[in-house]
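For reference, the chains in residue letters:
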Amino acid sequence: MEHNQLVCEDARVLANEGVGPRLFVVSLESPRIAARLQPGQFVHLQVPGMPDHILRRPFSVFDCDPQAGTLDILYQDLGYGSHRMTDLCAGDVASQIGPVGHGWQAPTGTERALLIGGGVGAAPLFLHAKALLAAGVAVDVVLGAATKAALATYDAYTALLGHAPVVATDDGSFGFSGFCTQPAADLLAAHAYDHVACCGPEPLMRIVAQMAADAQVECQVSMERRMACGVGACLSCVVDTTDGKRRACVDGPVFESSKVVW
Amino acid sequence: MEHNQLVCEDARVLANEGVGPRLFVVSLESPRIAARLQPGQFVHLQVPGMPDHILRRPFSVFDCDPQAGTLDILYQDLGYGSHRMTDLCAGDVASQIGPVGHGWQAPTGTERALLIGGGVGAAPLFLHAKALLAAGVAVDVVLGAATKAALATYDAYTALLGHAPVVATDDGSFGFSGFCTQPAADLLAAHAYDHVACCGPEPLMRIVAQMAADAQVECQVSMERRMACGVGACLSCVVDTTDGKRRACVDGPVFESSKVVW
Amino acid sequence: MAQVNMAVNLGGLRMKNPVTVASGTFGAGQEYNDFVPVDELGAVTTKGVSLHGWEGNASPRIAETPSGMLNSIGLQNPGVQVMKDDYLAWLAPHDVPVIVNVSGHSMQEYVDVIEALDDDDRVDAYEINISCPNVDAGGMTFGTHVPSVEKVVGACRAATNKPMIVKLSPNVTDIAEIARAAEASGADAISLINTLLGMAIDAKRRKPVLARVVGGLSGPAVKPVALRMVWEVHKAVKVPLLGMGGIVTGTDAVEFMLAGATAVAVGTANFMNPTATHDVIEGIRRYCDDQGVTDVNELIGGLQC
Amino acid sequence: MAQVNMAVNLGGLRMKNPVTVASGTFGAGQEYNDFVPVDELGAVTTKGVSLHGWEGNASPRIAETPSGMLNSIGLQNPGVQVMKDDYLAWLAPHDVPVIVNVSGHSMQEYVDVIEALDDDDRVDAYEINISCPNVDAGGMTFGTHVPSVEKVVGACRAATNKPMIVKLSPNVTDIAEIARAAEASGADAISLINTLLGMAIDAKRRKPVLARVVGGLSGPAVKPVALRMVWEVHKAVKVPLLGMGGIVTGTDAVEFMLAGATAVAVGTANFMNPTATHDVIEGIRRYCDDQGVTDVNELIGGLQC
Ligand SMILES: Cc1cc2nc3c(=O)[nH]c(=O)nc-3n(C[C@H](O)[C@H](O)[C@H](O)COP(=O)(O)OP(=O)(O)OC[C@H]3O[C@@H](n4cnc5c(N)ncnc54)[C@H](O)[C@@H]3O)c2cc1C
Ligand SMILES: Cc1cc2nc3c(=O)[nH]c(=O)nc-3n(C[C@H](O)[C@H](O)[C@H](O)COP(=O)(O)OP(=O)(O)OC[C@H]3O[C@@H](n4cnc5c(N)ncnc54)[C@H](O)[C@@H]3O)c2cc1C
Ligand SMILES: Cc1cc2nc3c(=O)[nH]c(=O)nc-3n(C[C@H](O)[C@H](O)[C@H](O)COP(=O)(O)O)c2cc1C
Ligand SMILES: Cc1cc2nc3c(=O)[nH]c(=O)nc-3n(C[C@H](O)[C@H](O)[C@H](O)COP(=O)(O)O)c2cc1C
Ligand code: FES
Ligand code: FES
């Protein structure tokens, strides 16, 4: 693997908007990171205005425009730092390290790929879908969310794919009523895939990994761990794999699901 | 002494402006404190946006409008918290405890008073001057500063007194060239005073106290100490007095200078 | 919404809720009464008192540190007589149990303080401070070695039948060992932690910030150490614990109770927010409501691990 | 503006400036090389290494606390062979002294690690970690009692002639006593502090945040404790000190030097700011310029009190 050069850059907030229940998209001007970001990589962001909280927060990049030098993060307000992020205004500056980690890598020769995103897990798959489509790969997308209003990426995926993604909501307010594993299983049964990529809550990824294994399709998952350094130095973020404990930040966040010890 | 009822109030910033080198005046809407504040009392302010700095900062009130419910603080940017204060904008909110402490109390029957303010020490004397003038007392004011630009209260005193205060600057850029103790000594020699009030660096107050003692004039000084609670509970702010260690926050900040053990 | 039972029993001291104040941060309640009527508290804990009073240390006595502060007050106090004439007199009409924090330069002085107070009905319990890092004689030196802990606690025990809380220093290798010694010597409850010994330096002036050079660290910064020690002591002794160290919110207090504290004390947080004690009490109540806890005693030692 | 002499000598280890990294927070330099070329450092200190490597503890391994963090990594490391083949091989072309941080579950393992490394020229010094709070056997248990300190340090001393730094735990009653034992047993330098034992609790889930329940506290929150201990040890021993604990800025580093440290290590601050080491070096230089200090060695123990 090539050495993935990291930068620490003061990103300027361009916009920060609510896109669903406790869901926000922040757009950042961060040209040096945007220029080199690969699908599935993340940034390690220092949320401004909370100096008593010393750690950075890792966020996947949802969308990225290398020419414009901008990137978008889809985030959920679920704790102290992500709540503070909702206060960010255009013009604010936040330091971020990136692009971090090992992203999605569909096997060479992939013709059809299945992407499954649960909750904000839909975000890091978007650039993957973009790249696959650009490479001529057929892409099916399944999105799961608690409720219709939380399907924050639905329109973006619809525009990208040229048709709506398959959708499941826990409360049945839109699309399939129930967990998104069901439509994913249906698709897996219906088509011949070379590649599955999944990001979302760990139980979802575990089930998808099992389904893919049963269907003998290569499968990748993006793992979340609490991170201190975000650059591979501190070993705070390890994931149990068949190769031992590996760092989610730089050996991942994307791992072959067959290597993860769930 | 009557019990001085304290409140803790969210004050709204109305304005925050530079008035000299590293000198600022912040105006706050703080109706419950403004309504009861006595000259020489202070507020114990929580500077917003620095949660890793847990202590409040004490600031004397420079001017106060009980009807409008507003008060002004003259402050110097000289450390972490006061530097953060320079970022305050209209609409920001800062919690403050007040009105704290034992203020100036000219002896009954005072006919002529001498007020000596060094640096930002000019601030807490302003309301005292106002009250004395309103009570028909003749008031002479001496202000000392490093340089002309730092005489931030000059105009306010001029307007209040109806004439310019006596001024000394260390660099001779305005008024008497040198330490303000000289014009103060001259005034003390020239007039019969019943009361001297001084606020400024401790060396200044010590000299003034000695001059007043020599002239046998009653003299009060406002003492600065690092403060934790600001309400009399923690004993972090004690001043050595002839009555033992007394709390600057509630037994002071204004003390009879004859009682202070310098 | 069911009414939550907030009452706890701290080694014989009945408290209407589990929240008292950390000694030395709240006077005897009077200074904060404008913000929190002292009757609201589960108990009030006084500033440490010695027999004839002490002057305390020189100024500066405090320094601010990241998420914390250092103090070197040095147990300034006016002595037992003023405690009775002023503080206890002011407290008398209030419906709140009083814990008197006891200091001494010698073992005998601890006993003398207790004897001077013991027939006073306004004193409901003692907190024996063998952990103050800010005095040269007595204080922490008593609290860091088993034999001296046994001696002081044993002597105090012989002097009173009132609930006796022993306050431990965190500046030790093995807090559980010290706690067991205090328990074996007659403590009805154990309080912890007192301050961690620390220091601040003014680089420009090349001088210590505190006149006394070193001081005691308190505030949010120390909470992880305090929680760990409460948990260790909870596993080591049977007597109830009074937990403290960096408690600012109701959630912080609940964490201490889950780690094994029967009651908690709010200290440095009072300086940050003068209604901190009130807010902590309400925060505990809200937590219980949200979690369907009907008796706050269910939380004590309820950590699952 | 005169050129400041930044070079220091840490018990025989020559450093071009007084700044190294705290073990375990910087890998062996490779991961931070995009931000701070490792050659800029006065020395690089590796993550702790054991003979055949350890798996470390379960996740979650970290928790954020007020102005600090807890970690319970548990000395995960791939063992001496990988240290040589990978880390030292990567470091070899770089112009920076290497301090290898040595761990063991037993006294023998410390010695074995040193013996396996001692004829490797790429190792310039050892830091003997007798203070890790995150392993069940060895680690901190060696560092909290004089007899075991003497044994481990003496055995390591017999195994090498290279500069040997002994790293102390702050979780002790008397740090000066432990430091004297390390010095008497052959330490060329003493480093302190390792992490303070702490704990974090998730009140909602009623569970510890860390899988291992307790962990080591580091970061700005611990700086006052670290400074105090450096000062106490400086007064107690003659060997030079490597100070650490919450250093974020050049001013922080200067404070440690004034308290008695010959060199300093930047740890948790790297996570906050990946150029922290560079910024600390520049900050020390700027302080010296501003204060008219021409040799950084003038600062060591320069506190006036
Ligand atoms: C590689 C990676 C990519 C991520 N991408 C996104 C994203 O695109 N959008 C998004 O909304 N979130 C993402 N996350 C999760 C995000 O980092 C956490 O939600 C955030 O750090 C929480 O910070 P907080 O201060 O709000 O929470 P805290 O108040 O610190 O904690 C709140 C809760 O969040 C959990 N948490 C804290 N840190 C992490 C973490 N690093 N990983 C998982 N859980 C954590 C805690 O256990 C706790 O339950 C990603 C995490 C990783 C590791
Ligand atoms: C009763 C009282 C009234 C005051 N009125 C005013 C006022 O009207 N205008 C004004 O500009 N300042 C006033 N001060 C001083 C003001 O409180 C300090 O300048 C301020 O707290 C410094 O905070 P900081 O975070 O900027 O400084 P820090 O970064 O905390 O420290 C910077 C320097 O300020 C000193 N300092 C810190 N706290 C205090 C303190 N409480 N008293 C004295 N020195 C301190 C420190 O020793 C240090 O040298 C008053 C102080 C007191 C006690
Ligand atoms: C200013 C101050 C004064 C204190 N005085 C005493 C005291 O007199 N007796 C005592 O036992 N503890 C004293 N302490 C320690 C506190 O009671 C408490 O143990 C410690 O501060 C930790 O709690 P906190 O972090 O909530 O403040 C004092 C602490 C502070 C900050
Ligand atoms: C994530 C992490 C891992 C650590 N690993 C080690 C280690 O392997 N060996 C060691 O001696 N100290 C280790 N430490 C302790 C640090 O080297 C240092 O002593 C401590 O963190 C205090 O410094 P700081 O506040 O600057 O981080 C570790 C600390 C952290 C935060
Ligand atoms: S976060 Fe430090 S190694 Fe992954
Ligand atoms: S600041 Fe607490 S008594 Fe004055």
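Read on for an overview of the structure. (Residues numbered from 1 in each chain as written. Chains lettered and ligands numbered in written order. Predicted model: local features only at pLDDT ≥ 70, side-chain atom pairs only at ≥ 80, totals over all residues. Heavy atoms only, no water.)

1. Thoughts on the overall build of chain A
Point 1. The helix and strand tally for chain A stands at six helices and 16 strands.
Point 2. For chain A, whose C-alpha radius of gyration is 17 Å, the value lies close to the compact-globule estimate of 18 Å for 262 residues.
Point 3. Within chain A, the fraction of its 262 residues that count as buried is 55%.
Point 4. Partitioning the contacts of chain A with sequence separation of at least 6, the portion at a separation of at least 24 is 64%. (Helix = DSSP H or I, 4+ residues; strand = E, 2+ residues; numbered from the N terminus. Rg over C-alpha atoms; globule rule 2.2 N^0.38 Å. Buried < 20%, exposed > 50% of the residue type's maximum accessible area, 1.4 Å probe, protein only. Contact = heavy atoms within 4.5 Å.)

2. Some words on the interface of chain C and chain D
Point 1. With 45 residues of chain C at the contact, the number on the chain D side is 45 residues.
Point 2. Summed over the shared surface of chain C and chain D, the result is zero salt bridges.
Point 3. Counting the contacts that link chain C with chain D gives eleven residue pairs in polar contact (both at pLDDT 80 or more).
Point 4. Here the side of chain C that touches chain D gets six residues from one element, more than from any other, and that element is helix α6 (residues 223-236) of chain C. (Salt bridge = Lys/Arg side-chain N within 4 Å of Asp/Glu carboxyl O. Polar contact = N/O pair within 3.5 Å; in protein donor to acceptor, adjacent residues only side chain to side chain.)

3. A word on the sheet that holds strand β6 (residues 68-71) of chain C
Residue and element names in this part refer to chain C.
Point 1. Within the open sheet, the four strands sit side by side as β5-β6-β14-β11. Their pairing is antiparallel. The open sheet terminates on both sides in strands that have one partner only, identified here as β5 (62-65) and β11 (196-199). Put simply, the sheet's adjacent strands are angled 40° from each other on average, direction ignored.
Point 2. Taken together, the three bridges between β6 and strand β14 (residues 214-218) define a ladder with antiparallel strand orientation. (Pairing = 2+ DSSP bridges. Axes fitted to C-alpha atoms, helices over the stretch in contact; angles between N-to-C directions.)

4. A word on the pairing of strand β9 (residues 138-145) of chain B
Residues and elements named next belong to chain B.
Point 1. Most of β9 sits inside the fold, with seven of its eight residues counted as buried.
Point 2. Across seven bridges, the pairing between strand β8 (residues 112-118) and β9 is parallel. In the sheet register, G117 faces β9, and the bridge partner there is L143.
Point 3. Note on the crossover from β8 through helix α3 (residues 123-134) to β9: the handedness is right-handed.
Point 4. Strand direction decides the pairing type here: β9 and strand β10 (residues 166-169), joined by four bridges, are parallel. Among the inter-strand pairings, V142 is bridged to a residue of β10, identified as V166.
Point 5. This β-α-β element, β9 to helix α4 (residues 154-161) to β10, shows right-handed connectivity. (Right-handed = clockwise from strand over helix to strand, strands pointing away.)

5. Points about the packing of helix α2 (residues 107-117) of chain C against helix α4 (residues 146-159) of chain C
All names here are of chain C.
Point 1. The contact between α2 and α4 brings their axes to 9 Å, and the two run at 25°. In terms of orientation, α2 and α4 fall into the roughly parallel class. In this structure, α2 meets α4 at a crossing whose hand is right-handed. Touching M107, Y110, V111, I114 and E115 of α2 are K151, V152, A155, C156 and A159, all from α4. (Parallel < 35°, antiparallel > 145°, perpendicular 65-115°, else oblique. Left-handed = near helix turned anticlockwise from the far one by under 90°.)

6. So, the sheet that holds strand β2 (residues 23-29) of chain A
Residue and element names in this part refer to chain A.
Point 1. Read from one edge of the open sheet, seven strands run β4-β3-β7-β1-β2-β6-β5, paired in antiparallel fashion. Among the strands making up the open sheet, the edge pair consists of β4 (57-60) and β5 (63-65). Shown here is a sheet whose adjacent strand axes are inclined to one another by a mean of 35°, direction ignored.
Point 2. As defined by bridge partners, strand β1 (residues 7-20) adjoins strand β7 (residues 93-100) across six bridges and the pair is classed as antiparallel. In the strand pairing of β7, R12 is matched with V93.
Point 3. Against the sheet, helix α3 (residues 123-134) touches β4, β5 and β6 (70-76), its axis set at about 50° to β5.

7. Here's the deal with the site of ligand 2
All names here are of chain B.
Point 1. Looking at ligand 2, there are 19 residues lining it, with R57, P58, G81, S82 and R226 nearest.
Point 2. One of the backbone nitrogen or oxygen atoms of S60 is found 3.0 Å away from a nitrogen atom of ligand 2.
Point 3. Between ligand 2 and G79, the relevant distance is 3.3 Å, taken from an oxygen atom to a main-chain nitrogen or oxygen of the residue.
Point 4. Taken by itself ligand 2 offers 850 Å² of open surface, and the protein chains cover 80% of this.
Point 5. Where the shell around ligand 2 is concerned, the elements lending two or more residues are β4 (57-60), β6 (70-76) and α2 (80-85).
Point 6. At four residues, the largest contribution of residues to the shell around ligand 2 is made by β4.
Point 7. When its residues are assigned to classes, the shell around ligand 2 shows ten nonpolar, five polar and four charged. (Near = heavy atom within 4 Å. Areas by Shrake-Rupley, 256 points an atom, 1.4 Å probe, with all protein chains shown as cover. Nonpolar A, V, L, I, M, F, W, Y, C, P; charged D, E, K, R; others polar.)

8. Notes on the site of ligand 1
Residues and elements named next belong to chain A.
Point 1. Surrounding ligand 1, one finds 19 residues, the nearest of these being P58, L74, G81, S82 and R226.
Point 2. Backbone polar atom of P58 to an oxygen atom of ligand 1: 2.6 Å apart, as the coordinates give it.
Point 3. Between an oxygen atom of ligand 1 and a main-chain N or O atom of Q76, the distance comes to 2.9 Å.
Point 4. Coverage of ligand 1 by the protein amounts to 79% of the 850 Å² it exposes when considered alone.
Point 5. Looking at the shell around ligand 1 element by element, the count peaks at four residues for β4.
Point 6. Classifying every residue of the shell around ligand 1 gives ten nonpolar, five polar and four charged.

9. Points about the relation of the copies chain C and chain D
Point 1. Taken as rigid bodies, chain C and chain D are interconverted by a rotation of 180° and an axial shift of 0.0 Å, the fit giving an RMSD of 0.0 Å. Between the two chains, the operation in question is that of a two-fold axis.
Point 2. Same-surface contact between copies: 100% of interface residues of chain C are shared with the interface of chain D. (Least-squares fit on C-alpha atoms with pLDDT ≥ 70 in both.)

10. With respect to the packing of helix α7 (residues 250-259) of chain C against helix α9 (residues 276-291) of chain C
The geometry of a pair of packed helices is captured by two quantities: the angle between their axes and the separation between those axes.
Residues and elements named next belong to chain C.
Point 1. Remark: α7 packs on α9, axes separated minimally by 7 Å, with the N-to-C direction vectors making an angle of 65°. Classified by the angle their axes make, α7 and α9 are roughly perpendicular. The two elements α7 and α9 cross, and the hand of that crossing is right-handed. Together, G250, A253, V254 and L258 of α7 and V280, G283, I284 and Y287 of α9 make up the contact between the two elements.
Point 2. Tallied by class, the residues present in the contact of α7 with α9 amount to six nonpolar, two polar and no charged.

11. Some words on the environment of G121 of chain B
Residues and elements named next belong to chain B.
Point 1. Relative to the elements of secondary structure, G121 occurs in the loop between β8 and α3.
Point 2. Taking C-alpha positions, G121 is 9.7 Å from A145, a pair spaced 24 residues apart along the chain.
Point 3. Apart from the residues within four sequence positions on either side, G121 is in contact with C199 and G200.

12. So, helix α4 (residues 154-161) of chain A
Residue and element names in this part refer to chain A.
Point 1. Within α4 the residues assigned to the buried category are Y154, Y157 and L161. Projected onto a plane normal to the axis of α4, the buried residues spread over an arc of 70° and lie on a single side. For α4, exposure combined with an orientation more than 90 degrees from the buried face picks out D155 and A159.
Point 2. Of the surrounding elements, those touching the buried residues of α4 are α3, β9 (138-145) and β10 (166-169).
Point 3. A positive backbone phi angle near 85° is found at G162, which sits one or two residues after α4. (Arc of directions from axis to C-beta.)

13. Details of the side chain of S67 of chain C
Point 1. Turning to its location among the elements, S67 of chain C is positioned in the loop between β5 and β6.
Point 2. A polar atom in the side chain of S67 of chain C sits 2.6 Å from the side chain of S67 of chain D.
Point 3. Not counting chain neighbours up to four residues away, the residues in contact with S67 of chain C comprise D52 of chain A, P51, D52 and I54 of chain B, S218, G219, P220 and A221 of chain C together with P66 and S67 of chain D.

14. Looking at the nonpolar core
Point 1. Membership of the largest hydrophobic core comes to 306 residues, with the highest contact counts inside it found for I128 and I190 of chain C together with I128 and I190 of chain D.
Point 2. In this structure, I190 of chain C is in contact with I165, V166, L168, A179, A182, E183, V233, V237, V239, P240, L241 and L242 of chain C, ignoring residues within four places of it in sequence. (Core = buried A, V, L, I, M, F, W, Y, C linked by side-chain atoms within 4.5 Å.)

15. Some details on the packing of aromatic side chains
Point 1. Counting across every chain of the model gives 16 aromatic pairs over all chains.
Point 2. Judged by centre distance (6.3 Å) and plane angle (70°), the ring pair of F59 of chain A and Y75 of chain A falls under edge-to-face. Here F59 of chain A is found in strand β4, whereas its partner Y75 of chain A is found in strand β6, with 16 residues between them in sequence.
Point 3. For F59 of chain A, a relative accessible area of 13% gives the class buried.
Point 4. Their ring planes at 85° and their centres at 5.0 Å tell us that F126 of chain B and Y157 of chain B sit as a pair that is edge-to-face. Of this pair, F126 of chain B sits in helix α3 while Y157 of chain B sits in helix α4, and the two are 31 residues apart along the sequence.
Point 5. Three or more aromatic residues joined by ring pairs form one cluster here, namely F24, F59 and Y75 of chain A. (Phe/Tyr/Trp six-rings, centres within 6.5 Å; stacked < 30°, edge-to-face > 60°.)

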